[in-house]
Every structure is written in structure tokens, then in C-alpha cells.
Amino acid sequence: MSIAALLFDVDGTLAETEEAHREAFNAAFHEHGYPWVWDRALYADLLRVTGGKERIRHYLSRFQAELLKTAGIENTIRSLHEAKNRGYWSAISRGAIDLRPGIRRLIADARQAGLRLAIATTTSLPSVRELLVGTLGPDSPGWFDTIVGGDMVAAKKPAPDIYSLALEKLGLAPNACMAFEDSANGLRSALAARIPALITVSAYTMGQDFAGAVAVLSDLGEPGAPLRVFRGDPSGEDFVSLNLLRRWHEAATSPA
Ligand code: XBP
Ligand code: MG
């Protein structure tokens, strides 16, 4: 089956966002008078839990178990998450976050070729919107036929729900799509929804288990700034073009 749509994860895939999220979590804790600091090593571990509110709750369950039992804690978690989001959005508006190599080019080429685009992310929708507007421009949210965020489903990644909902909204079969992911949780989610997935590893996901991916790359590459290949055969190409994607998709979806 030929490829009809590209489905993009956000954090780590469109852009290296997690450092901005981490710093904003720490600022939110400080603002609320909590002395907690999530350093990089701890955050790498906490990232196994997807979703910002879920991550805070998980941290409390491990390190502040008594606090988690107190009345009103869900409101506190919500308010910490809102403060984190405000800090994250202000990092975007300061221009602190840029798209990863090849993203702008591939999205432009896909639009030109009439492929459909979607977002399938664990992140909350307002943060997706801020990132798209801040990096791809004010019209860019409209380029995506559907934007599915973590708060729209019962179970976040690695459950298939986010990708399954994106497929339902696109009205497409999984083998008409290609997912772009950076994490093992995201890959498991796409594969559980039976969508072939390509991995571009990110700062926090290097070394994770990417079994089942179409290819595992440093990034999508650019002319003059070649990608590095960890797994897969880019047929000598320096960057992921639509032609290369079509070849990989064909190989992933044709019966063995
Ligand atoms: C990334 C996440 C998110 C972000 C924070 O998932 O797990 O939780 O760290 O975003 P993905 P929110 O790569 O699948 O987008 O605070 O909005 O959840
Ligand atoms: Mg990701």
C-alpha cells in the first residue's frame, strides 16, 4: 500500500523539548514553594512515565508519598502542571526551541506532494499548538488534518490509543501511514496500533530498545548535513527524502 499520511510525535521528534519541559517543571516547583529539583539523571528516569501530570504524580509516589495522600493534591498537581506549561510556552516564545534537522523540509515536501499530516503526542494540546506556531509559523496547526494530544485518550503512550484515535480521525488504515518517533514508549504505541515507525533518537532516548522500527537514525538529515544510521538501509542517501520514506514504507508493509 502506498503511503498516504505522516504521523509525528512532538517531544524529542519535532524538536528537542525535554530540557525546556524539565527546567519549567523545576521553576514551577520553586514558584509553589517546593524544594524539589529534577536533575537530568532523575528526569531521564521520570520520562518513562509519559504525560506531565502523570510524571508529577509518579514523582510524588516515589519521593513524597505522604504528600500524595493529602486532600487537594490533585489540584496541586494540576496547578504545578499549569505553571510548568506557562514556563514551557515562554521558552518557546523566547525562541529557545528549534525544530530538529529535516523536519521543516520533510513537512514542506509532504505538503507539496499531497500527503496528509497528523500529530500523535502525549503532550497536552495547548503545548503542541504553541510549539507549532513558535517554530513552523501561525498557520501551521492547520496543516495537520488531526492533532491528537494525551488528554484526548484514556491511556497515553505506550498504549496504542493516541495513534488509534489519529487513524480513526484520518480515516486511514495503519499501513497507509508512517509514524515518526524518538522514544521506545512512542515506538511501542505506534506498533501496537500497527503503524510502521521510523526512529530519530533524541537526547533522552539514546540507547533505548527500538526493536521493530523501520530504521533508527540520528535525525532526518539535511542536504550537506547527513544523518547517521544506527539501523536500517538509507540506500546511500544523506537525508530522509519522500522517496526514501516510500521505499521504507513499501518494505515495511508488503507481505513477507
Ligand atoms: C512527551 C511527554 C510529555 C512531555 C511533557 O511525550 O511525555 O509528557 O514531557 O508534556 P511525546 P505535558 O514525545 O509522546 O510527545 O506536560 O504536556 O504532558
Ligand atoms: Mg517523543
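This one's a predicted model, so the numbers in the text were calculated from it and none came from an experiment.

Calculation criteria
- Residues numbered from 1 in each chain as written.
- Chains lettered and ligands numbered in written order.
- Predicted model: local features only at pLDDT ≥ 70, side-chain atom pairs only at ≥ 80, totals over all residues.
- Heavy atoms only, no water.
- Domains from an automatic or database assignment.
- Contact = heavy atoms within 4.5 Å.
- Buried area = accessible area lost by both parts, 1.4 Å probe.
- Salt bridge = Lys/Arg side-chain N within 4 Å of Asp/Glu carboxyl O.
- Polar contact = N/O pair within 3.5 Å; in protein donor to acceptor, adjacent residues only side chain to side chain.
- Helix = DSSP H or I, 4+ residues; strand = E, 2+ residues; numbered from the N terminus.
- Nonpolar A, V, L, I, M, F, W, Y, C, P; charged D, E, K, R; others polar.
- Buried < 20%, exposed > 50% of the residue type's maximum accessible area, 1.4 Å probe, protein only.
- Pairing = 2+ DSSP bridges.
- Right-handed = clockwise from strand over helix to strand, strands pointing away.

To continue, consider the domain arrangement of the protein chain. By the assigned domains, the protein chain splits into domain 1 (5-16 + 98-253) and domain 2 (18-93). Distance from the C-alpha centre of domain 1 to the C-alpha centre of domain 2: 26 Å. At the interface, 14 residues of domain 1 touch 18 residues of domain 2. A buried area of about 1,300 Å², summed over both sides, lies between domain 1 and domain 2, and 53% of it is on carbon and sulfur atoms. Our count for the contact surface shared by domain 1 and domain 2 stands at 2 salt bridges. For the salt bridge of Lys156 with Glu54, the shortest nitrogen-to-oxygen distance reads 3.0 Å. Inspection of the region where domain 1 meets domain 2 yields 7 residue pairs in polar contact (both at pLDDT 80 or more). With 5 residues, the single largest contributor to the side of domain 1 that touches domain 2 is helix α7 (residues 125-136). Within the side of domain 1 that touches domain 2, the residues separate by chemical class into 3 nonpolar, 5 polar and 6 charged.

Before going further, it helps to examine the pairing of strand β2 (residues 116-120). Within β2, 4 of the 5 residues are buried, which leaves the element mostly enclosed by the surrounding structure. Where strand β1 (residues 5-8) lies against β2, 4 bridges are found, and the strand directions are parallel. Among the inter-strand pairings, Leu6 is bridged to a residue of β2, identified as Leu117. Taken together, β2, α7 and strand β3 (residues 146-148) form a β-α-β motif whose crossover is right-handed.

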